[in-house]
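What follows is the residue order along each chain.
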There are 2 protein chains.
Amino acid sequence: MQACYGEWVKRREFGQYCGIARALELVGERWALLVVRDLMIRPRRYTDLQEGLAGIPSNVLSTRLKELEQSGIVERQVAPAPQRGVVYALTPLGQELEPALLALGRWGSTQLGDPQPGDRVTPDGATLNLRANFRQEEAAGLTASFELHARDLVVHAVVTDGKLTSGIGPAPEPADLVITAEVPDDVPASYRAIVRAARLGQVELKGSKKLLDTFLRVFTRP
Amino acid sequence: MQACYGEWVKRREFGQYCGIARALELVGERWALLVVRDLMIRPRRYTDLQEGLAGIPSNVLSTRLKELEQSGIVERQVAPAPQRGVVYALTPLGQELEPALLALGRWGSTQLGDPQPGDRVTPDGATLNLRANFRQEEAAGLTASFELHARDLVVHAVVTDGKLTSGIGPAPEPADLVITAEVPDDVPASYRAIVRAARLGQVELKGSKKLLDTFLRVFTRP
DNA sequence: CTGCATCCACTTTGATACTG
DNA sequence: CAGTATCAAAGTGGATGCAG
């Protein structure tokens, strides 16, 4: 605590009556939004997070989780019978960060060149890109499921009456269209690579093939 | 530079092929997004920013501006004849951060209680709230201009064929509807306070009074 | 005045090691 | 698996200096 304009404020607070400043106080610390990003895909254990956030110091992860829990963004759950252990999950408040996170990701994606050697390319990224590029307007009334493959990368997107559910791995029910992209060996398997292949027709399709155009219309932007 | 999993990366980079991580590398440092926020309203001089970001150390502001300029987000302009001096402005790339910033602000606003004594309440906040709460769908085809007053706070919103322009101070052309909110003396004059007053009918109107419902429909959410 | 640069105390982070 | 402990390095906050 320290003096600031006659008032006592925590060092980390900006002291502005502004939603953006408040958001940054809560999730603006280094690594915080990346933790939220990982949890947006599904709940994770401590070591899952450490793995997904390659390079985060253990003590920093520990601190961030406590802060996020304190803020009501993350929930610490002691998992029941099957795997038992500690699991971290987003609260509803944390899930409400999704639009902001996707908007940030859309902007940041434009500033991504090609993947550098050493860059981590995870299925999480593909799942988030699926959500970030999803065009609600184009999907109105649509019901269809897709599965995307590129080498060992597999993600799914299920659209039910215009609403999207997406995740890692195969679709829970057999997908209406399975897209398997032919990606050169020297290019990492990413959402971007799949879309590029799909546009060039360098894909193998299984299922309702005319859904490919629908996929491109609903899940990609020019 | 330092070693990390066999590759050399800058300490501040996250080493993930992910739009969100990239965005955070570029605008995730402390104060960076608040600088962008201030510039989103209009270009500013160094001292304007210092004032708007109450409490930012001079050296940190200086560093952030250089980093943002380096990243192509901010442009340093030497202002011409009238006022001369240095002016910082957003580049087009910087302006593209607006959707992300507004989404973050919408989330953060839900985590704002009432203004604390000592909180800075600026016209910038009201202008951004105007943009953040603007509902494109509801404004389709609309052309109308509004001016909001609450004590010394004045902001304007001009909707032209469904597109919004907003800023501090009176509208460039006389507004179709001028809303003057009656705000208790002990409550800071903010967008929130104006909306609350408008909903309760505690406003004085000048101009086309039936536009008040349109305003509430287009510029507020439940 | 504006637009920084410098100095220094303090805090946070990164890397690694270690424990229940 | 789920953290804690430790310590060096980098970053931040605050004050002040200073040229144009």
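Here the structure is shown first, and the text comes after it.
It should be emphasised that the depicted structure is a prediction, and the values quoted were computed from it without experimental measurement.

Enquirer: Would you mind going over the packing of helix 1 (residues 19-27) of chain A against helix 6 (residues 98-109) of chain B with me for this structure?
Expert: Two quantities define a packed helix pair, namely the angle between the axes and the distance from one axis to the other. Closest axis-to-axis distance for the helix 1 of chain A/helix 6 of chain B pair is 7 Å, and the angle between their directions is 80°. Classified by the angle their axes make, helix 1 of chain A and helix 6 of chain B are roughly perpendicular. Every residue of helix 6 of chain B that contacts helix 1 of chain A at Gly19(A), Ile20(A), Arg22(A), Ala23(A), Leu24(A), Leu26(A) and Val27(A) is listed here: Leu101(B), Leu104(B), Gly105(B), Trp107(B), Gly108(B) and Ser109(B). Its residues assigned to classes, the contact of helix 1 of chain A with helix 6 of chain B comprises 8 nonpolar, 4 polar and 1 charged.

Enquirer: Would you take a moment to explain the pattern of salt bridges for this structure?
Expert: Once the charged atoms of two side chains with opposite charge are near each other, the side chains can pair. Within this structure, the stated rule accounts for 22 salt bridges over all chains. In this structure, the salt-bridge partner of Arg12(A) is Glu29(A), at a minimum N-O distance of 2.9 Å. With Arg12(A) in the loop between strand 2 (7-9) and helix 1 and Glu29(A) in the loop between helix 1 and helix 2 (32-41), this pair connects stretches of sequence that are 17 residues apart. The residue Arg64(B) makes a salt bridge to Glu29(B) at a minimum N-O spacing of 4.0 Å. On the criterion of sequence distance, the pair formed by Arg64(B) in helix 4 (residues 58-70) and Glu29(B) in the loop between helix 1 (19-27) and helix 2 (32-41) is long-range, its members being 35 residues apart. Glu29(B) shares its class with Arg64(B); the two are buried. One salt-bridge network, in which partners are shared between bridges, spans Arg12(A), Glu29(A), Arg64(A) and Glu67(A).

Enquirer: What is the right way to look at the environment of Ser58(A) in this model?
Expert: Residue and element names in this part refer to chain A. The residue serine 58 is located in helix 4 (residues 58-70) in this model. Residue serine 58 is classed as partly exposed on the basis of its relative accessible area, which comes to 37%. Residues serine 58 and tyrosine 46, 12 residues apart in the sequence, show an inter-C-alpha distance of 9.3 Å. When residues no more than four places from it in sequence are discounted, the contact partners of serine 58 are Tyr46 and Gln50.

Enquirer: I'm lost on the interface of chain B and chain A in this one. Help?
Expert: Often the size quoted for an interface is simply the accessible area lost on bringing the parts together. Each partner contributes residues to the interface: chain B has 54 residues there, and chain A has 54 residues. A combined buried area of about 4,700 Å² lies between chain B and chain A, and 68% of that area is made up of carbon and sulfur atoms. For the chain B face of the interface with chain A, the top three residues by lost area are Tyr17(B), Ile20(B) and Trp107(B), together amounting to 21%. Here chain B is connected to chain A by 0 salt bridges. Along the contact surface separating chain B from chain A lie 16 residue pairs in polar contact (both at pLDDT 80 or more). For the side of chain B that touches chain A, the per-class residue count stands at 29 nonpolar, 12 polar and 13 charged.

Enquirer: Even after reading the chapter, I still don't get the sheet that holds strand 6 (residues 153-160) of chain B, so can you show me in this structure?
Expert: As a general point, the strands of a sheet are linked pairwise by backbone hydrogen bonds and lie either parallel or antiparallel. Residue and element names in this part refer to chain B. Spatial strand order, 7-6-5-8-9: 5 strands in an open sheet with mixed pairing. The strands lining the two open edges of the sheet, one partner per strand, are strand 7 (163-168) and strand 9 (203-207). For this sheet the average axis-to-axis angle between neighbouring strands, irrespective of direction, equals 15°. Bridge count between strand 6 and strand 7: 6 bridges; the pairing is antiparallel. Looking at strand 7, one finds that alanine 157 is bridged to serine 166. Contacts between helix 9 (residues 191-199) and the sheet are confined to strand 5 (144-150), strand 6, strand 8 (177-181) and strand 9, with strand 5 contributing the most and set at about 105° to the helix.

Enquirer: Just checking my understanding: could you explain the side chain of Glu25(B) for this structure?
Expert: Residues and elements named next belong to chain B. Residue placement: glutamate 25 occurs in helix 1. For glutamate 25, a relative accessible area of 16% translates into the label buried. Reaching out from glutamate 25, the side chain makes a polar contact with the side chain of arginine 22 at a distance of 2.6 Å. Each residue touching glutamate 25, except ones within four places of it in the same chain, is listed here: Arg12, Glu13, Phe14 and Gly15.

Enquirer: Looking at this structure, I do not really get helix 6 of chain B. What am I missing?
Expert: Structurally, the α-helix is built with 3.6 residues per turn, so residues lying three or four positions apart point the same way. With 12 residues, helix 6 of chain B extends 16 Å between its outermost C-alpha atoms, agreeing within 8% with the 16 Å of an ideal straight helix rising 1.5 Å per residue. Tucked inside the fold, the buried residues of helix 6 of chain B contact helix 1, helix 5 (92-95) and helix 6 (98-109) of chain A together with helix 2 and helix 7 (123-133) of chain B.

Thresholds applied
Residues numbered from 1 in each chain as written. Chains lettered and ligands numbered in written order. Predicted model: local features only at pLDDT ≥ 70, side-chain atom pairs only at ≥ 80, totals over all residues. Heavy atoms only, no water. Axes fitted to C-alpha atoms, helices over the stretch in contact; angles between N-to-C directions. Helix = DSSP H or I, 4+ residues; strand = E, 2+ residues; numbered from the N terminus. Parallel < 35°, antiparallel > 145°, perpendicular 65-115°, else oblique. Contact = heavy atoms within 4.5 Å. Nonpolar A, V, L, I, M, F, W, Y, C, P; charged D, E, K, R; others polar. Salt bridge = Lys/Arg side-chain N within 4 Å of Asp/Glu carboxyl O. Buried < 20%, exposed > 50% of the residue type's maximum accessible area, 1.4 Å probe, protein only. Buried area = accessible area lost by both parts, 1.4 Å probe. Polar contact = N/O pair within 3.5 Å; in protein donor to acceptor, adjacent residues only side chain to side chain. Pairing = 2+ DSSP bridges. Expected span 1.5 Å × (residues − 1).

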